[in-house]
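Examining the three-dimensional arrangement
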Amino acid sequence: MEAPLLTIRDLSMRFPADDGDLEVLDGINLELHAHEFACLIGPSGSGKSTLLRILANVLEPTSGTIEMQNEDSLKRAIVFQNYNLLPWYTVIQNIALPLQIQGADKTAALNEAGAWVEKVGLGGFENEWPKNLSGGMAQRVAIARALIQKPELLLLDEPFGALDALTREQMSLELMATWEEVHTTVLMVTHSISEAVLLADRILIFQDRPGKVVEQLDIPFERPRTGQLRDTLEFTQTTRRLREMIEKVKNGSASA
Ligand SMILES: Nc1ncnc2c1ncn2[C@@H]1O[C@H](COP(=O)(O)OP(=O)(O)O)[C@@H](O)[C@H]1O
Ligand SMILES: [Mg+2]
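Residues numbered from 1 in each chain as written. Chains lettered and ligands numbered in written order. Predicted model: local features only at pLDDT ≥ 70, side-chain atom pairs only at ≥ 80, totals over all residues.

**Brief notes about the overall build of the chain**
Filter applied, for reference: Numbering of helices and strands starts at the N terminus; helices are DSSP runs of H or I of at least 4 residues and strands are runs of E of at least 2. Each radius of gyration is computed over the set of C-alpha atoms, and the globule rule expresses the reference value as 2.2 Å times the number of residues to the power 0.38. Put plainly, a residue is buried at 20 or more neighbouring C-beta atoms within 10 Å of its own, exposed at 12 or fewer, and partly exposed in between, counting only other residues' C-beta atoms, which are placed from the backbone. Think of it this way: build a C-beta for each residue from its backbone, and any pair within 7 Å is a contact.
For the chain, the count of helices and strands is 7 helices and 9 strands. For the chain, the C-alpha radius of gyration of 19 Å lies close to 18 Å, the compact-globule estimate for 256 residues. For the chain, the spread of C-alpha atoms along the principal axes amounts to about 55 × 45 × 40 Å. Within the span of the chain, comprising 256 residues, buried residues form 36% of the whole. The contacts of the chain with a sequence gap of at least 6 include a subset with a gap of at least 24, amounting to 72%.

**With respect to the site of ligand 1**
Note the threshold: In this entry, near means the residue's backbone-placed C-beta atom lies within 6 Å of the molecule or strand. All residues other than Ala, Val, Leu, Ile, Met, Phe, Trp, Tyr, Cys, Pro, Asp, Glu, Lys and Arg, Gly among them, are scored as polar; the first ten of these are nonpolar and the last four charged.
Every residue lining ligand 1 is accounted for by Phe15, Leu22, Val24, Ser44, Gly45, Ser46, Gly47, Lys48, Ser49 and Thr50. Of all the secondary-structure elements, those providing two or more residues to the shell around ligand 1 are β2 (22-32) and α1 (48-55). Sorting elements by how many residues they give to the shell around ligand 1 places α1 first, with 3 residues. Per-class residue counts for the shell around ligand 1 are 3 nonpolar, 6 polar and 1 charged.

**Regarding helix α2 (residues 91-101)**
Listing the buried residues of α2 in full gives Val91, Ile92, Asn94, Ile95, Ala96 and Leu99. Where α2 is buried, its residues meet α3 (106-119) and α4 (135-147). Positive phi appears at Gly103, one or two residues downstream of α2, with a value of about 95°.

**Regarding the packing of α2 against α3**
Worth spelling out the cut-off: As a rule, the C-alpha atoms of each element are fitted with a line to give its axis, helices using only the stretch in contact, and angles between N-to-C directions run from 0 to 180 degrees. Any angle between 65 and 115 degrees counts as roughly perpendicular, while under 35 counts as roughly parallel, over 145 as roughly antiparallel, and the rest as oblique. In this scheme the handedness of a crossing depends on how the near helix is turned from the far one: anticlockwise by less than a right angle means left-handed, clockwise means right-handed.
Packing of α2 against α3 leaves a shortest axis separation of 8 Å and a crossing angle of 125°. The pairing of α2 with α3 is recorded here as oblique in orientation. Like other packed secondary-structure pairs, α2 and α3 cross with a definite hand, here right-handed. The residues of α3 that touch α2, namely those facing Val91, Ile92, Ile95, Ala96, Leu99 and Gln100, are Lys106, Ala109, Leu110, Glu112, Ala113, Gly114, Trp116 and Val117. The residue makeup of the contact of α2 with α3, split by class, is 10 nonpolar, 2 polar and 2 charged.

**Observations concerning the sheet that holds strand β9 (residues 212-218)**
Convention followed: We treat two strands as partners when DSSP finds at least two bridges between them.
Here we have 6 strands laid out as an open sheet, ordered β5-β6-β7-β3-β8-β9, and mixed in their pairing. Each edge of the sheet is formed by a strand with only one pairing partner; in this case those strands are β5 (76-79) and β9. In this sheet, neighbouring strand axes are inclined to one another by 20° on average, regardless of whether the strands run parallel or antiparallel. Note: β5 against strand β6 (residues 153-157), 4 bridges, orientation parallel.

**Side note on the pairing of β9**
Pairing geometry for strand β8 (residues 202-207) and β9, over 6 bridges, is antiparallel. Pairing of Gln207 across the sheet is with Lys212, part of β9.

**Points about the environment of Gln93**
Among the secondary structure elements, Gln93 is positioned in helix α2. By C-beta crowding, Gln93 is classed as partly exposed, having 19 other C-beta atoms within 10 Å. Considered as a pair, Gln93 and Gly114 are 21 residues apart in the sequence and their alpha carbons are 9.4 Å apart.

**Quick look at the nonpolar core**
Nonpolar side chains in soluble globular proteins tend to end up buried together. Our working rule: Among buried residues, those of type Ala, Val, Leu, Ile, Met, Phe, Trp, Tyr and Cys that are joined through C-beta atoms within 7 Å form a set called a nonpolar core.
Within the largest apolar cluster, 66 residues are counted, with the highest numbers of intra-cluster contacts made by Ala38, Cys39, Leu40, Ile95, Ala144 and Leu187. If one sorts the elements of this core by residue count, α4 sits on top with 7 residues. In this view, Leu187 contacts Leu32, Ala38, Leu40, Leu52, Leu55 and Leu155; residues no more than four positions away in its chain are not counted.

**Things to note about helix α5 (residues 165-182)**
Operational definition: Expected helix span is given by 1.5 Å per residue-to-residue step, counting one fewer step than there are residues. Relevant arc is that of directions from the helix axis to the C-beta atoms, nothing else.
Helix length check: α5, at 18 residues, gives a terminal C-alpha distance of 26 Å against a target of 26 Å (1.5 Å per residue), a fit within 8%. Of all the residues in α5, the buried ones are Arg168, Met171, Ser172, Leu175 and Trp179. One face of α5 carries all of its buried residues, which in axial projection span an arc of 100°. For α5, exposure combined with an orientation more than 90 degrees from the buried face picks out Leu166, Glu180 and Glu181. Of the surrounding elements, those touching the buried residues of α5 are β3 (37-41), α4, β7 (185-189) and α6 (193-199).

**Quick word on the sheet that holds β2**
If you trace the 3 strands from one edge of the open sheet to the other, you get β2-β1-β4, paired in antiparallel fashion. Lying at the two open borders of the sheet, with one neighbouring strand each, are β2 and β4 (63-68). Adjacent strand axes in the sheet meet at a mean angle of 20° when their direction is disregarded. In this structure, strand β1 (residues 6-15) lies alongside β4, joined through 5 bridges in antiparallel fashion. Residue pairing in the sheet places Ile8 in a bridge with Ile66 of β4. Strand contacts of α1: β1 and β2, with the helix running at about 60° to β2, the strand carrying the most contacts.

If you want it as structure tokens, here you go:
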């Protein structure tokens, strides 16, 4: 079998606090494989965003190692719940920005951004300002801005957490279709059980205090998947199984 894209060993993270250090992550051991879609589910405040920021290379872990298949050259991009668009840039300028930062020619960057505008269904809105976009549209921009970088690792931190239920379902179907084209490795934090089962190849269950991956569930549904999968008995059985596993982890850590 191919070596994992990324291997996390004994990773821990502590933040200094007034009453001693806050131990946020401890003993994280995890492999991410090339082209897999992994979801991370766990309680609020358990360190999921901290783990993603470490994997995005914006935060140094206190201890532990992250080994990469191709040394240090792993291209990564991260998408946050609150979009983080630049308000003084239009849709197309926001999407083109990473390429321009990397030194690409402006016309070439805008051309490629234009293609992404279409791919994420924002045709006609390329010159709009972020303040005029709905949440779903803003998140489409943020996803396009991440994918234009052709990341080998795409980190999604509750990307649909701020959206209403219907928009959220629509967005997860769109993300699934886009991902089936680009097929990059994804680690996505979500609180939605059905979203995780629909999208993921593997679901990692996180415990609290300190944060740690304690269980995982493989999702063997064939690809390409469609929204109809949610209407099948197998889907319902899998969501039930996942819910039970999450409950068990919750009760286990509460009584520990
Ligand atoms: N830069 C920081 N300094 C101090 N504490 C932090 C910092 N970032 C996160 N924390 C704390 O770490 C814990 C985990 O946060 P976070 O990773 O955001 O959790 P989650 O994403 O699972 O909700 C929280 O208690 C949070 O307050
Ligand atoms: Mg978070």
